[in-house]
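Take a look at the letters that make up each chain.
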Amino acid sequence: MPRGLFALALGLGLVAAALSGCARDDPAPPAAEPVAPTRLEALGRKIFFDISLSNPRGQSCAGCHVAASGFAGNFGALEGVPFAADGVTLGLRNTPSAAYARFSPAFAVEMTQAGPVARGGQFLDGRAASLEEQAAMPFFAAGEMNLVGPVELAARLAAAPYAAQMVEEFGPAVFTETQLIVARATGAIAAFERTDELAPFSSRLDQALAGAAPLTAQEQEGMALFLEPAAGNCAGCHAFDPASPAAADRVFTRYGYAAIGVPRNPRIPANADAAFNDLGLCGPRRERVADDRLCGAFKVPTLRNVARRSNFMHNGAFASLRDAVAFHATRDATPARWYPSGIAFDDLPARYRANVDRTPVQLDERGIDAIVAFLRTLDDGAGPSRLPALR
């Protein structure tokens, strides 16, 4: 039997064993009981969905982190990157999902024999160390919620319907202690983002692994290819262990960084300037890290709810999940399909193109379709969580 077919057959056997093993030997664990939100978490939820906290009013955290889209989205923009609060100005990067973000460790770069390895943080370049720090930045970014500073944020919060709850939580001086208002508001948002509402583990895959719902033959094939190093090797970056009930093995990311040479998105206004490049960990203007070998690398996202997204990759270059998977599979074999400019890795300066990961991916059209079918099983909402309560 050819090696590729043997690997797939073996992978399918392992997948079937994992699925049937859960169903036959281990009774499905009881669905985790919903955990009532704390007062701080409930307050954070209200702040997260409040459209009065932007200038002009109308954009909330949830405007770009849409629950129905897996807490991702671009505030209605179709160009692959989000609108600012004004509904006109476009940003530089596709909005990362806020779902499952609580599992990301703090940003760090480790020096290994193979070179620098970055991991963790929030945002696509890890520039925020925590959910609290991440939640603060959009409030005052001109290309996002566009508030002038903490005084304006305090005034908006003081006029909000939940102002009394803020007083109850933080004391009567909460709106005058403006040096603390950002920490208090973002602490509440982060508390909400750490709840199971943003990490429900309630997909059809979770149900299948617990023996509560089957996957189709095509979905099982996609799962085997996803796990097989000689084929898709998707799990090399998007961590997944079907035999493990641990949350860390089910978030579909190692929170690492990768340069994969995504094509330039001409719909991003900043890209009209040929001299502009978004260098990922090196930052749009080289503010993140000093090591050239990390330039062009972006944080590997969770794949949970990925089928609900309208755009894919850090710059939103692709508008279909199949294209995103096909790009990984065919980038090197058929570069003309992806780089109309005729220059491979055209969104990176020539000096950084050597940073692009060249690990071969061996997938045919059937394999691409199978992986897409598998990824569609990762949408939350198929049933109650089959993992133990996570807090």
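First, a word on scope: everything that follows refers to the structure included in this document. Note that the structure is predicted; figures quoted are calculated from it, not measured.

You can see arginine 93 is positioned in the loop between helix 3 (61-64) and strand 1 (108-112). At 2.7 Å, the side chain of arginine 93 and the side chain of aspartate 278 are in polar contact.

What follows covers unusual backbone geometry. Residues asparagine 55 and proline 56 are joined by a peptide bond in cis, for which omega reads 0°. Here proline 56 shows up in the loop between helix 2 (39-48) and helix 3. Phi at phenylalanine 75 takes a positive value of approximately 55°, unusual for a residue other than glycine. Not every positive phi belongs to a glycine, and phenylalanine 201 is a case in point at roughly 50°. Note that phenylalanine 201 resides in the loop between helix 7 (178-193) and helix 8 (204-209). Overall, phenylalanine 201 belongs to the buried group, its relative accessible area being 0%.

Below, the discussion takes up the packing of aromatic side chains. On inspection of all chains with the given rule, the structure shows 19 aromatic pairs. Each ring, one from phenylalanine 107 and one from tyrosine 257, has its centre 5.9 Å from the other, and the planes form 85°; the classification is edge-to-face. Remark: tyrosine 257 occurs in strand 3 (residues 257-258) and phenylalanine 107 occurs in the loop between helix 3 and strand 1; sequence separation between them is 150 residues. Look at tyrosine 257 and you get buried, because its relative accessible area is 15%. Ring geometry for phenylalanine 226 against phenylalanine 252: centres 5.7 Å apart, planes inclined by 65°, an arrangement best described as edge-to-face. Here phenylalanine 226, found in helix 9 (residues 217-227), pairs with phenylalanine 252, found in the loop between helix 9 and strand 3; they are 26 residues apart in sequence, far enough to count as distant. Its relative accessible area of 1% is what places phenylalanine 226 among the buried residues. You can call phenylalanine 252 buried: its relative accessible area is 0%. Members of the aromatic cluster, each reached through a chain of ring pairs, are Phe318, Phe327, Trp338, Tyr339 and Phe345.

Cut-offs used in this document
- Residues numbered from 1 in each chain as written.
- Predicted model: local features only at pLDDT ≥ 70, side-chain atom pairs only at ≥ 80, totals over all residues.
- Heavy atoms only, no water.
- Helix = DSSP H or I, 4+ residues; strand = E, 2+ residues; numbered from the N terminus.
- Polar contact = N/O pair within 3.5 Å; in protein donor to acceptor, adjacent residues only side chain to side chain.
- Buried < 20%, exposed > 50% of the residue type's maximum accessible area, 1.4 Å probe, protein only.
- Phe/Tyr/Trp six-rings, centres within 6.5 Å; stacked < 30°, edge-to-face > 60°.

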